[in-house]
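One-letter residues, chain by chain:
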Amino acid sequence: MKTILLSRSDYIDSISAISDPKSRRFGEKSLAWWDRHFNWKKDQCLALADKDEQPLTYLFGINDRYLQYLTIHNLFTPLVHRQQGYARELLSQQFAMSRLKNVKRFKLCAVPQALKFYDKLGFIYWGINTAGDYYCDLPLPQSGLDGVSAMVQSSTDKELIGNKIKTIQNRTRQNGERLTEMEKEQFDADKKWLGKKYRHKSIECFS
């Protein structure tokens, strides 16, 4: 397996061949979102591919121009390729490439359905954003993705937050205030399941 960059046309060709309708729809939504916010000529999709260069999983991420953040926007694996470690491997490769550029931190907004995947990687969350997604914003360890869990366990919240408290507060300020009753029930269940990995109270201490 190896990582490859996909142009817009490469990506369209690839997702059009996905047989699972739900996976294909998510791929199309990712395309539309990237079209609105980024320039494909500059920022392409990173994929983990097999020996024939057929993509197995896709990642839309970007290092900002000041190398302060690696932002993971979308990471998805078609149904047929799931449960084989491909998404973790691709994310690990992205972390390694960002570390080589001395990127300081990483962030992402995880949908509730992705919490179990990111839980295995040791991610924690400072709250939810206005869309109800879980906001993770942490230093990028020298050892890359594999170092996240140990870093979280050995660091205080103050150390993990660093000088990004205002950024984190702005992204998590409402923290569920606009959820529907059904969404609130799911939110409460997710918080209970996450336990100490949900740390909005740490943010409140800075207020």
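This section reports on the structure supplied with the text.

What counts as what
- Residues numbered from 1 in each chain as written.
- Predicted model: local features only at pLDDT ≥ 70, side-chain atom pairs only at ≥ 80, totals over all residues.
- Heavy atoms only, no water.
- Helix = DSSP H or I, 4+ residues; strand = E, 2+ residues; numbered from the N terminus.
- Rg over C-alpha atoms; globule rule 2.2 N^0.38 Å.
- Buried < 20%, exposed > 50% of the residue type's maximum accessible area, 1.4 Å probe, protein only.
- Areas by Shrake-Rupley, 256 points an atom, 1.4 Å probe, with all protein chains shown as cover.
- Polar contact = N/O pair within 3.5 Å; in protein donor to acceptor, adjacent residues only side chain to side chain.
- Contact = heavy atoms within 4.5 Å.
- Axes fitted to C-alpha atoms, helices over the stretch in contact; angles between N-to-C directions.
- Parallel < 35°, antiparallel > 145°, perpendicular 65-115°, else oblique.
- Left-handed = near helix turned anticlockwise from the far one by under 90°.
- Nonpolar A, V, L, I, M, F, W, Y, C, P; charged D, E, K, R; others polar.
- Salt bridge = Lys/Arg side-chain N within 4 Å of Asp/Glu carboxyl O.

### Focus on the overall build of the chain
From N to C terminus, the chain includes 9 helices and 6 strands. The C-alpha atoms of the chain give 17 Å as radius of gyration, which agrees with the globular expectation for 207 residues (17 Å, within 12%). When the backbone C-alpha atoms are referred to their principal axes, the chain occupies close to 50 × 40 × 30 Å. A burial count over the chain gives 46% of its 207 residues as buried. Only carbon and sulfur atoms are counted for the fraction: they give 50% of the accessible area of the chain, which is about 11900 Å².

### Here's the deal with the side chain of T172
Secondary-structure assignment places T172 in helix α7 (residues 165–172). Residue classification places T172 among the buried positions, given a relative accessible area of 0%. In this structure the side chain of T172 is engaged in a polar contact, spanning 2.9 Å, whose partner is the backbone oxygen of I168. Not counting chain neighbours up to four residues away, the residues in contact with T172 comprise W126, G127, I128, Y135, H200 and I203.

### Structural notes on the packing of helix α1 (residues 8–16) against helix α2 (residues 21–37)
Running from N to C, α1 and α2 cross one another at 165 degrees; their axes reach a closest spacing of 9 Å. Between α1 and α2, the crossing angle belongs to the class labelled roughly antiparallel. Judged by the twist between their axes, the crossing of α1 over α2 is left-handed. Two secondary-structure elements touch here, α1 through R8, Y11, I12, I15 and S16 and α2 through R24, G27, E28, S30, L31 and D35. Looking at side-chain class alone, the contact of α1 with α2 contains 4 nonpolar, 3 polar and 4 charged residues.

### Some details on the pattern of salt bridges
A side chain of one charge can pair with a side chain of the opposite charge when the charged atoms of the two come close. Going through the model one piece at a time under the given rule, you end up with 9 salt bridges. Between K51 and D52 there is a salt bridge whose closest N-O contact spans 3.6 Å. With a shortest N-O distance of 2.8 Å, D137 and R105 are connected by a salt bridge. Separated by 32 residues along the polypeptide, D137 in strand β6 (residues 134–139) and R105 in strand β5 (residues 105–110) bring together distant segments of the chain. Judged by its relative accessible area of 7%, R105 is buried. When salt bridges with common partners are traced through the structure, they connect K184, D188 and K191 into a single cluster.

### Overview of the environment of E204
Among the structural elements, E204 can be located in helix α9 (residues 200–204). Exposure remark for E204: the relative accessible area of 45% places this residue in the partly exposed category. Spatially, the C-alpha atoms of E204 and S30 are 33 Å apart, while their sequence positions differ by 174 residues.

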